[in-house]
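Topology and contacts: notes
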Amino acid sequence: PGVGPVPLGSVITFKDGSATLGTGTTDSTGVASYSTTALTDGNHSITAVYPGNTNFTTSTSSAVAQLVKGTSVFSSLVPSSASITYGQANIAVSGQVANATKTVFAASGETVTVTINGTSLPMTIVGSNGSFSGTFDTHTIPASGSPYTISYSYPGDANLTASSDISSKLTISK
């Protein structure tokens, strides 16, 4: 085996586990780089592989752990919109927090905060699929000012980014 950096222009293959991501070419210092936006949400084990030549043997780098943090989104929000009569005691609220492809979910025990007309109610994620649910007391919310936005807020964690959703409305009539 040779000593020193690999030769200028050597093709280095970058892998995620056994899957090839792409290649990079070494510069005058023996460094190759590769950039991608194709990694899915979650953990990845990245290595660089030098194929060797007549002076240098084949070599694989130590694995580097790379976490791709998913963008969290709310889905299955209930109510998608609601209409209630003034004085009604409560409405059921539920939903799910996950990445867009629903392969990474908010963890059990984490919190989603639901807010209507300035009143916030924390709801705990239960189970492994990012689901939350609860009952929101609406009997003190006035009909004036209706419709109200139902706001959902998730602070994010090690695997998902923070997010919020204001697509749901609550209409209160007399």
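Structure: see above.
Conventions and cut-offs
Residues numbered from 1 in each chain as written. Predicted model: local features only at pLDDT ≥ 70, side-chain atom pairs only at ≥ 80, totals over all residues. Heavy atoms only, no water. Core = buried A, V, L, I, M, F, W, Y, C linked by side-chain atoms within 4.5 Å. Buried < 20%, exposed > 50% of the residue type's maximum accessible area, 1.4 Å probe, protein only. Helix = DSSP H or I, 4+ residues; strand = E, 2+ residues; numbered from the N terminus. Contact = heavy atoms within 4.5 Å. Pairing = 2+ DSSP bridges. Axes fitted to C-alpha atoms, helices over the stretch in contact; angles between N-to-C directions.

**What about the nonpolar core?**
Within the largest apolar cluster, 25 residues are counted, with the highest numbers of intra-cluster contacts made by Val97, Val112, Val114, Phe132, Tyr152 and Leu170. Those elements that place two or more of their residues in this core are strand E6 (72-78), strand E7 (81-85), strand E8 (90-99), strand E9 (111-116), strand E11 (131-137), strand E12 (148-154) and strand E13 (163-173). Ignoring sequence-local partners within four residues, the contact set of Val112 consists of Phe74, Val97, Leu121, Pro122, Met123, Ile125, Phe132, Tyr152, Ser153 and Tyr154. Counting six residues, the second-largest nonpolar core is a separate cluster that includes Val6, Ile12, Ala32 and Phe56.

**With respect to the side chain of Ser10**
Position of Ser10 among the secondary structure elements: in the segment before strand E1 (11-16). In this view, Ser10 contacts Gly24, Thr25, Thr26 and Tyr50; residues no more than four positions away in its chain are not counted.

**Looking at the sheet that holds E8**
With antiparallel pairing, the three strands of this open sheet are ordered in space as E6-E8-E11. Sheet topology places E6 and E11 at the edges, where each strand pairs with a single neighbour. The mean angle between the axes of side-by-side strands here comes to 25°, regardless of whether they run parallel or antiparallel.

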